[in-house]
Amino acid sequence: PLGNQAFTDSLVDTYTTERYPLGSLRVELPTEVTDLDATHKGERMWVFVHNDEGGAFAKGDILEMGDGAGNGTTGVSAAIFNAVKCNTAAQMPQRLLGVAGHAIADGAYGWVIAKGVCEVAGDGGITAGGILVTNNAARADLATANADATTDTFNAAFGVAIEADGGAGSLFAARINVL
């Protein structure tokens, strides 16, 4: 456990109250990761968030900081771990909270994956080995390399695809890091 916290519940449990302090980090050991999915390797880091979207999160949704009123935010606020679905193309990874590893109901609290191998919802154009950025629908897109700095999106990369996606909204394995 990180920070000498002992956890007895599952990472896919959700809560109606703030069971842990928002922003708490939790390490999932490599043996626990492969127990759930043999194709996933390495440890994962999860962060505790509140769903402030106004709707449920689905497994694979990319989440960003909210403003405490169900909106994405470009600034820093006390509501930093009130998560909303990312609706910004090529959002800066510093504003991302992670990827939903399971469904989290509107208004509920739960853990989301901030670092490691996980399933991410794609936009239908993901290729294995591709560098990932966000699109405007809480899904992953491929980074764009252009000589024109105004359209190059590599500075917004948050991960790499381990496999291709199977169409818009389908899940694919990726290694992410938004910490």
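Everything in this summary refers to the structure shown in the same document. From a predicted model like this one, the values you see are computed outputs, not experimental measurements. (Residues numbered from 1 in each chain as written. Predicted model: local features only at pLDDT ≥ 70, side-chain atom pairs only at ≥ 80, totals over all residues. Heavy atoms only, no water.)

**Topic: the overall build of the protein**
Phase 1 of the analysis: What the protein contains, in helices and strands, is 1 helix and 10 strands.
Phase 2 of the analysis: Going from N to C terminus, the protein has its helices and strands arranged as β-α-β-β-β-β-β-β-β-β-β.
Phase 3 of the analysis: The 179 residues of the protein split such that 44% are buried.
Phase 4 of the analysis: Sequence separation of 24 or more characterises 62% of the internal contacts of the protein that already satisfy a separation of 6 or more.
Phase 5 of the analysis: Split by element, the accessible area of the protein, about 8200 Å² in all, is 52% carbon and sulfur. (Helix = DSSP H or I, 4+ residues; strand = E, 2+ residues; numbered from the N terminus. Buried < 20%, exposed > 50% of the residue type's maximum accessible area, 1.4 Å probe, protein only. Contact = heavy atoms within 4.5 Å. Areas by Shrake-Rupley, 256 points an atom, 1.4 Å probe, with all protein chains shown as cover.)

**What to know about unusual backbone geometry**
Phase 1 of the analysis: The backbone of Ala-90 sits at a positive phi, close to 55°, despite the residue not being glycine.
Phase 2 of the analysis: Here the phi dihedral of Ala-138 falls at roughly 60°; this positive angle occurs in a residue that is not glycine.
Phase 3 of the analysis: Examined against the element boundaries, Ala-138 turns out to sit in the loop between strand E7 (131–134) and strand E8 (140–142).

**Considerations on the pairing of strand E2 (residues 44–51)**
Phase 1 of the analysis: Buried residues dominate E2, accounting for 8 of its 8 residues.
Phase 2 of the analysis: By the alternation rule, side chains of E2 split into Arg-44, Trp-46, Phe-48 and His-50 and Met-45, Val-47, Val-49 and Asn-51, which are all buried.
Phase 3 of the analysis: Taken together, the 4 bridges between strand E1 (residues 25–28) and E2 define a ladder with antiparallel strand orientation. Across the sheet, Glu-28 pairs through a bridge with Arg-44, a residue of E2. (Pairing = 2+ DSSP bridges.)

**Observations regarding the side chain of Gln-91**
Phase 1 of the analysis: Along the chain, Gln-91 turns up in the loop between strand E4 (82–85) and strand E5 (96–99).
Phase 2 of the analysis: Given a relative accessible area of 5%, Gln-91 falls into the buried group.
Phase 3 of the analysis: Not counting residues up to four positions away in its chain, the partners in contact with Gln-91 are Glu-64, Cys-86, Leu-96, Thr-134 and Ala-156.

**Description of the environment of Ala-156**
Phase 1 of the analysis: Within the secondary structure, Ala-156 is located in the loop between E8 and strand E9 (159–161).
Phase 2 of the analysis: On the accessibility criterion, Ala-156 (1% relative accessible area) is buried.
Phase 3 of the analysis: Distance in space between the C-alpha atoms of Ala-156 and Gln-91 is 6.0 Å, their sequence separation being 65 residues.
Phase 4 of the analysis: Excluding anything up to four places from it in sequence, Ala-156 contacts Ala-90, Gln-91, Met-92, Pro-93, Leu-132 and Val-133.

**Some details on the environment of Thr-17**
Phase 1 of the analysis: Following the sequence through the fold, Thr-17 ends up in the segment before E1.
Phase 2 of the analysis: Separated by 90 residues in the primary sequence, Thr-17 and Gly-107 have C-alpha atoms spaced 9.1 Å apart.

**Description of the pattern of salt bridges**
Phase 1 of the analysis: Under the definition given, this model contains 4 salt bridges.
Phase 2 of the analysis: Asp-9 is the salt-bridge partner of Arg-19, the closest N and O atoms lying 3.8 Å from each other. Taken together, the residues Arg-19 in the segment before E1 and Asp-9 in the segment before E1 connect sequence positions 10 residues apart.
Phase 3 of the analysis: Classification of Arg-19 by relative accessible area gives partly exposed; the value is 47%.
Phase 4 of the analysis: For Asp-9, a relative accessible area of 11% translates into the label buried.
Phase 5 of the analysis: Ionic pairing is found between Arg-44 and Glu-28, a salt bridge with its closest N-O pair at 2.8 Å. (Salt bridge = Lys/Arg side-chain N within 4 Å of Asp/Glu carboxyl O.)

**Regarding the side chain of Asn-51**
Phase 1 of the analysis: As for its position among the elements, Asn-51 is in strand E2.
Phase 2 of the analysis: You can call Asn-51 buried: its relative accessible area is 1%.
Phase 3 of the analysis: Among the polar contacts made by the side chain of Asn-51, one reaches the main-chain carbonyl oxygen of Ala-105 at a distance of 3.1 Å.
Phase 4 of the analysis: Leave out the neighbours within four places in its chain, and Asn-51 touches Ala-56, Phe-57, Ala-83, Ile-104, Ala-105, Asp-106, Gly-107 and Ala-108. (Polar contact = N/O pair within 3.5 Å; in protein donor to acceptor, adjacent residues only side chain to side chain.)

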